[in-house]
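# Examining the three-dimensional arrangement
Spelled out, the chains give:
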Amino acid sequence: MQRNLHRLRTPVFGSLLLSCSLAACETTGPAEPPSAEDEAAIETLAQPSKPNAIRFLEQSSFGPNANRVAHVMSVGIDAAIEEQFAARRTRYTITSTHTLGAQFFEHAAMKPDQLRQRVAFALSQIIVVSQNPFKGLDDRGQAALATYLDLLSKHAFGDFKTLIREITLNPAMGHFLDQANNHAYRPNGDEIAPNENYARELLQLFTLGLYLLNDDGTEKVDNDGKPKLSYTQEQVEAFAHTLTGWTYAADGGCPARGRSNPKEWTRPMIGCDESHDRRSQLLLLEKRTREGAGAAEHLEEAIENITSHPNVAPFISKQLIQHLVTSNPSRAYVRRVTAVFRDDGTQRSGNLAAVVRAILEDDEARGAKPPRAQESKFGHLRSPALFITHVVRRLNGRVTDGTALDEWSATMGQGVPRPPSVFSYYPPSHPLPGSEILLGPEFAIMDTATSFARANFLTRVLFKTVNGTEVDLQVLPADPEGIINWLDVELLHGTMSTESKMIVRAAISDPSIPPESARALGLYLTALTPEFQVQR
Amino acid sequence: MNLSRRSFLKKSGIFGFGAAAASIAQSSALEKMAFAAPGDPYRALVGVFLLGGNDANNLLIPATDDGYAKYSQVRNDTNIGIPQDDLVKLNPRNMPLASFGLHPKLTELGRIFNEDRKLALVCNVGPLVEPTTIQQVRAGTAVLPDNLMSHPDQQDAWVSAIPDPFREGGRFTGWGGRMADKIRLLNDPSTYPVSTYFSGRSLFTVGQVERALVVPFDGKLELASSGKASVNRVRDEATQALFDQTGTSELGEAYRGVFGGALANAGARKAAIAANPLPPAIAELFPPTTLGIQLLRIAEEIVAGASGLALSRQLFSAGLGGFDTHNDELTAHDELYGQIDAAFAAFYKAIADLNELITRGQLPGITRPLEVTLFTMSDFARTFSPNSGGGTDHAWGSHMMVLGSRVRGGALYGTFPDLELGGDDDIGEEGRWLPSTSSDQYANTLAAWFGITDPNDVDAIFPKLESFEVKTLNFMRP
């Protein structure tokens, strides 16, 4: 178990009691440099400080609230993670009244399996099915996407290879990327070039990525300094052939050669050898599939081949870190997590629970603040859904109908589960605006329109009402000084700058505004600032 | 957001709303009249990105018996062939009558091509790293664009004019944005963004300095009211003050730049549109479709830009999705091309009607003609040979449309490919055409018309163009 050594937070000027928990009060005197004993203050996973607990909940849930913070401080990080592993899994329902997007926000705001949902949400942005192409169906894709979302949450703490196998057989994915009814032959027996859509995205987005990676997440380069492709066009075609012959399940089993079963969402797809190319194909790592084998055996060979490729571990590990903790993890952080992906300690690879635990318990994620070496580049811009749920949960939100929240998220570029394409809402490699070194994936959907949408959501939820959502502004004190302190300690885990406090204090104390608007105004201003918008 | 712009606006006392913004816009117009040469036209480029890779093999089809026979040999006994009789016949300049045809849904565009001569078709265009021959491709010696046939890579290749990011060290800007960086001098002293983005591929409008104003389809870019005027005032002043600070988090500062810039520009835009609205009769021309709504908004922005914001150059980005027709291509195209025909024709008429009003002095605030050129882009074309799903897969060289009063229309440009599987233009056996025109040659033609003529600027905006002898095609009047 790792211990976290962090310096005591030293204030610039004389304010007392920056953070005080049930377990320990870190009091500091006015403007004194820390003594040697102060510097050695240890923060363990078992006894997180309040800022540490808040940061942990920002990384591992859809947002902290007072109860959850107190709980984590009391049981410790490790136990909190164990509890989340054991928490009962929330399922989507195929109801006509609440869309999947609405349910997503209802679950995220209120259900107890926060970490599982958070990881499933991250996985849904890596292994993507979008509801958009299903709009023509009678139920607009509700049934299909529900199976896909449930599959992700089912395996969020499971085995990565199993996840990849099941997603390959999932009918919603089959419809989305043409893995369903990708026949190798026409009914008359003519050979036909198989559709390459699923094979390509499986390699490019779900498992390997475009370029070979070192275990620290950096790209391998050749002698000329150029990145190296992790697969070729020929291999895409080889996988396309290998994965032919699958159609939707039906009571009558497989149809005739070259024919398709009607769409069906409740069962995995079935392999039909009549429509499958039985020839041997050369896959990755110089492995050949067995000549003459049927659809099911070839699919298994393909899944084994891909998931045994060394690129999977860093490719997936780094993205999970980006979704949960920070867009620019240090190489060492990525390397430590990749190692756990490769071997969870029992020689199993792809153990997602172990990987998630490694991400959250790592020194780089833990502590009252980010590690000094990472500080200026630490964090990630809250994506729209995380921004919305964070605000709602912080105010003890009750979401009886998440439709409006989902619509707000869509105006910010993240309607759930409706990314514009298989490339998700934003690419993991998107650069930070103005930087040639740092990444800022969530900034890909950050522009003038979505900026205004973020602000206008806050106006709506804080000063008016969002349909289907009740928030409680009374979690804040009534007096201006109490409000400022709450915003600093609870919303910003103690990082509010002097200048921000001055500006917000002046605004909420302004005599021209009604006093009952002070809480909403303080929240609005603070939640809009960079200090809040970037989760750190 | 760049600091000089922010301090300019701060000194003007602008918080982004109301009267302050209007007076700034007005004084800019006065200053502009002193700077602009008499008769300098207003010019706008409207890029419409067809997202997903448009199968242009069903957009533009040979219509002579011999030409059509080649097309039908591959496509007609599958479920994606277009019957010869259904084609919208074209009479391209210097070619026999009815030698080509457009997809059956493009009736209005066909009329604009044949009668007005204001639509041009540019054949077999695609990203190229350097002049490339089919022999080189077959020998494996060609330097190909990186990740050919991957959607995001080719969308970015088109809009960035950098088809080989490995060698170039990445791509962080688009040719539209780099063009905006240079052309903004023609809008001086305004600091309003050159580009406005509704949809498409967002990298297109990213420049070194210039960033597009991103506007939602409803055209509204403003801070909502809290319900109390006093709260709004205090709220918005405090917001501005908070965004005027600086912090130490790099991601935080990037966020600050985006949000702060949004506040400043939105105010100026709102005031300009309010003072110079699009005449209702012209607004009514536009169909309420995804593309129609974007082009309506763009027409609004053009009127506001040319008058209240006193701009001379604007770049717009629109987009339409759904072109990744791996299945059911005929059905998809009926809807998509129908939408394109109606929306493009409406936009063309709207600009013509606006110019009519301007000539008669009936559009307040604008005395110069509006010269607007609409052009398409797309990730790639698709395999001429269909797949097993009634659709087509990813390919390369594609046909583009250019529409506007300054277009030398009614003609085909570039070289139409030989529709032979495994033939002289096919990089394989499925009908993936090696482009005969580079996307840079196409784009540079538009840029030259827009005002980019200095060879150093051309080099910076189109780094690959250097190795091509022909820098522009001839489809624009100067």
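Residues numbered from 1 in each chain as written. Chains lettered and ligands numbered in written order. Predicted model: local features only at pLDDT ≥ 70, side-chain atom pairs only at ≥ 80, totals over all residues. Heavy atoms only, no water.

### Details of the overall build of chain A
- Scanning chain A from N- to C-terminus turns up 22 helices and ten strands.
- Principal-axis analysis of the C-alpha atoms gives chain A an extent of 85 × 50 × 40 Å.
- The proportion of buried residues among the 536 residues of chain A is 61%.
- Within chain A, contacts between residues at least 6 apart in sequence are counted, and of these 68% link residues at least 24 apart.
- Counting only carbon and sulfur atoms, one obtains 51% of the accessible surface of chain A, whose full area is about 20400 Å².
- Where the 54 positive side-chain charges of chain A centre and where its 63 negative ones centre are 1 Å apart. (Helix = DSSP H or I, 4+ residues; strand = E, 2+ residues; numbered from the N terminus. Buried < 20%, exposed > 50% of the residue type's maximum accessible area, 1.4 Å probe, protein only. Contact = heavy atoms within 4.5 Å. Areas by Shrake-Rupley, 256 points an atom, 1.4 Å probe, with all protein chains shown as cover. Lys, Arg positive; Asp, Glu negative; His and termini not counted. Charge placed at Lys NZ, Arg CZ, Asp CG, Glu CD.)

### Details of the state of the cysteines
Residues and elements named next belong to chain A.
- By the definition in use, this model includes one disulfide over all chains.
- What pairs with Cys254 in a disulfide is Cys272, and their sulfur atoms sit 2.1 Å apart. Its torsion about the S-S bond being -95 degrees, the disulfide of Cys254 and Cys272 is classed as left-handed. A residue pair is termed long-range when its members are at least 10 positions apart, and Cys254 in the loop between strand S5 (246-247) and strand S6 (270-271) and Cys272 in the loop between S6 and helix H12 (295-307) qualify at 18 residues. (Disulfide = S-S within 2.5 Å.)

### Looking at the pattern of salt bridges
- Inspection of every chain in the model, using the stated rule, returns 46 salt bridges over all chains.
- Between Asp362 of chain A and Arg336 of chain A there is a salt bridge; the shortest N-O distance is 2.7 Å. You can see Asp362 of chain A sitting in the loop between helix H15 (352-361) and strand S7 (380-381) and its partner Arg336 of chain A sitting in helix H14 (residues 331-342), a full 26 residues away along the chain.
- The class of Asp362 of chain A is buried, set by a relative accessible area of 2%.
- With its nearest N and O atoms 3.9 Å apart, the salt bridge here joins Glu531 of chain A to Arg256 of chain B. Of this pair, Glu531 of chain A sits in helix H22 (residues 530-533) while Arg256 of chain B sits in helix H10 (residues 250-275), placing the two residues on different chains.
- Accessibility expressed as a relative area gives 4% for Arg256 of chain B, which makes it buried.
- Look at the salt bridges and you will find they share partners, linking Asp78, Glu82, Arg357 and Glu361 of chain A into a network. (Salt bridge = Lys/Arg side-chain N within 4 Å of Asp/Glu carboxyl O.)

### What about the interface of chain A and chain B?
- The interface of chain A with chain B comprises 63 residues on the first partner and 53 residues on the second.
- At the boundary of chain A with chain B, total buried surface from both sides reaches about 4800 Å², with 67% on carbon and sulfur atoms.
- Taken together, the connections running from chain A to chain B amount to twelve residue pairs in polar contact (both at pLDDT 80 or more).
- When contributions to the side of chain A that touches chain B are tallied by element, the ones reaching two or more residues are helix H10 (197-207), S7, helix H18 (448-463), helix H20 (498-508), helix H21 (518-528) and H22 of chain A.
- Classifying every residue of the side of chain A that touches chain B by side-chain character gives 30 nonpolar, 21 polar and twelve charged. (Buried area = accessible area lost by both parts, 1.4 Å probe. Polar contact = N/O pair within 3.5 Å; in protein donor to acceptor, adjacent residues only side chain to side chain. Nonpolar A, V, L, I, M, F, W, Y, C, P; charged D, E, K, R; others polar.)

### Topic: the confidence of the model for chain A
All names here are of chain A.
- Scored by pLDDT, chain A has a mean of 92; 92% of the residues are at 70 or more.
- Predicted confidence is poor over residues 1-32, with pLDDT under 50, and the contacts of this stretch with residues over four places away or in other chains come to 57 contacts.
- Here residues 34-41 is a poorly scored stretch, pLDDT under 50, and it has eight contacts once near neighbours within four places are set aside; other chains count. (pLDDT = per-residue confidence, 0-100.)

### Regarding the pairing of strand S5 (residues 119-126) of chain B
Residues and elements named next belong to chain B.
- In terms of burial, S5 is a largely internal element, eight of the eight residues being buried.
- Inspection of the sheet shows S5 paired to strand S10 (residues 398-404) by five bridges, in the antiparallel sense. Along S10, the bridge assignment pairs Ala120 with Val402.
- Direction of pairing for S5 relative to strand S11 (residues 411-414): parallel, over a ladder of four bridges. The residue of S11 that forms the bridge with Val122 is Tyr413.
- Two strands pair when backbone bridges link them, and S5 and strand S12 (residues 437-438) are joined in this way by two bridges, in the parallel orientation. Of the residues in S12, the one forming a bridge with Gly126 is Ser438. (Pairing = 2+ DSSP bridges.)

### Digging into the packing of aromatic side chains
All names here are of chain A.
- A full pass over the atoms with the stated rule returns 28 aromatic pairs over all chains.
- On the numbers, 5.9 Å between centres and 75 degrees between planes, the contact of Phe387 with Phe457 is edge-to-face. Linking Phe387 in helix H16 (residues 384-394) with Phe457 in helix H18, this pair joins segments that are 70 residues apart in sequence.
- Classification of Phe387 by relative accessible area gives buried; the value is 0%.
- With relative accessibility at 0%, the residue Phe457 sits in the buried group.
- The interplanar angle of 65 degrees and the centroid separation of 5.8 Å between the aromatic rings of Trp408 and Phe457 together place this pair among those described as edge-to-face. Taken together, the residues span a long stretch of sequence, with Trp408 in helix H17 (residues 403-411) and Phe457 in helix H18 at a distance of 49 residues. (Phe/Tyr/Trp six-rings, centres within 6.5 Å; stacked < 30°, edge-to-face > 60°.)

### A closer look at the environment of Leu163 of chain A
Residues and elements named next belong to chain A.
- Positionally, Leu163 belongs in helix H8 (residues 160-169).
- Residues Leu163 and Leu151, twelve residues apart in the sequence, show an inter-C-alpha distance of 7.8 Å.
- Every residue in contact with Leu163, bar those within four places of it in the chain, is listed here: Leu123, Ile127, Leu151, Leu152, His155 and Leu352.

### A few points about the side chain of Thr196 of chain B
- With respect to the element layout, Thr196 of chain B can be found in strand S6 (residues 195-197).
- You can call Thr196 of chain B buried: its relative accessible area is 0%.

### Some words on the sheet that holds strand S3 (residues 88-90) of chain B
Residues and elements named next belong to chain B.
- Overall, antiparallel pairing links the three strands, which are arranged S2-S4-S3 in an open sheet. Edge positions in the open sheet fall to strand S2 (60-62) and S3, since each of these has one partner strand only. For this sheet, the mean inter-axis angle between neighbouring strands, taken without regard to orientation, is 35 degrees.
- Strand direction decides the pairing type here: S2 and strand S4 (residues 100-102), joined by three bridges, are antiparallel. Bridge pairing in S4 links Ile61 to Gly101.
- Helix H4 (residues 107-116) contacts S3 and S4 of the sheet and is inclined by roughly 15 degrees relative to S3. (Axes fitted to C-alpha atoms, helices over the stretch in contact; angles between N-to-C directions.)

### What about the nonpolar core?
- Grouped together as the largest cluster of nonpolar side chains are 248 residues, with contacts concentrated most on Phe457 of chain A together with Ile340 and Phe347 of chain B.
- Ranked by residues supplied to this core, first place goes to helix H13 (residues 329-359) of chain B with 13 residues.
- Discounting residues that sit within four places of it in the chain, Phe457 of chain A has contacts with Phe387, Ile388, Val392, Leu405, Trp408, Met412 and Val466 of chain A. (Core = buried A, V, L, I, M, F, W, Y, C linked by side-chain atoms within 4.5 Å.)

### Description of the environment of Gly397 of chain A
All names here are of chain A.
- Looking at the element boundaries, Gly397 is found in the loop between H16 and strand S8 (398-399).
- For Gly397, a relative accessible area of 9% gives the class buried.
- Between the C-alpha atom of Gly397 and that of Thr469, which follows or precedes it by 72 residues, the distance is 6.7 Å.
- The contact partners of Gly397, leaving out residues within four places of it in the chain, are Met110, Val392, Glu470 and Val471.

### As for the side chain of Arg313 of chain B
All names here are of chain B.
- Among the structural elements, Arg313 can be located in strand S8 (residues 313-320).
- A polar side-chain atom of Arg313 sits 3.3 Å from the main-chain carbonyl oxygen of Pro41.
- Separated by 2.6 Å, the side chain of Arg313 and the backbone oxygen of Phe450 make a polar contact.
- Here Arg313 is in contact with Pro41, Tyr42, Arg43, Ile183, Leu186, Asn187, Val194 and Phe450, once residues within four sequence places are set aside.

### A few points about the pairing of strand S9 (residues 370-378) of chain B
Residues and elements named next belong to chain B.
- A large share of S9 lies buried, amounting to nine of its nine residues.
- Here S9 shows a buried face lined by Leu370, Val372, Leu374, Thr376 and Ser378 and a second buried face lined by Glu371, Thr373, Phe375 and Met377.
- Relative to S9, strand S1 (residues 42-50) is paired through nine bridges, and the arrangement is parallel. When the bridges of S9 are listed, Gly47 appears paired with Phe375.
- Bridge analysis of S9 against S10 gives three bridges, and the strand direction is antiparallel. Looking at S10, one finds that Leu374 is bridged to Leu403.

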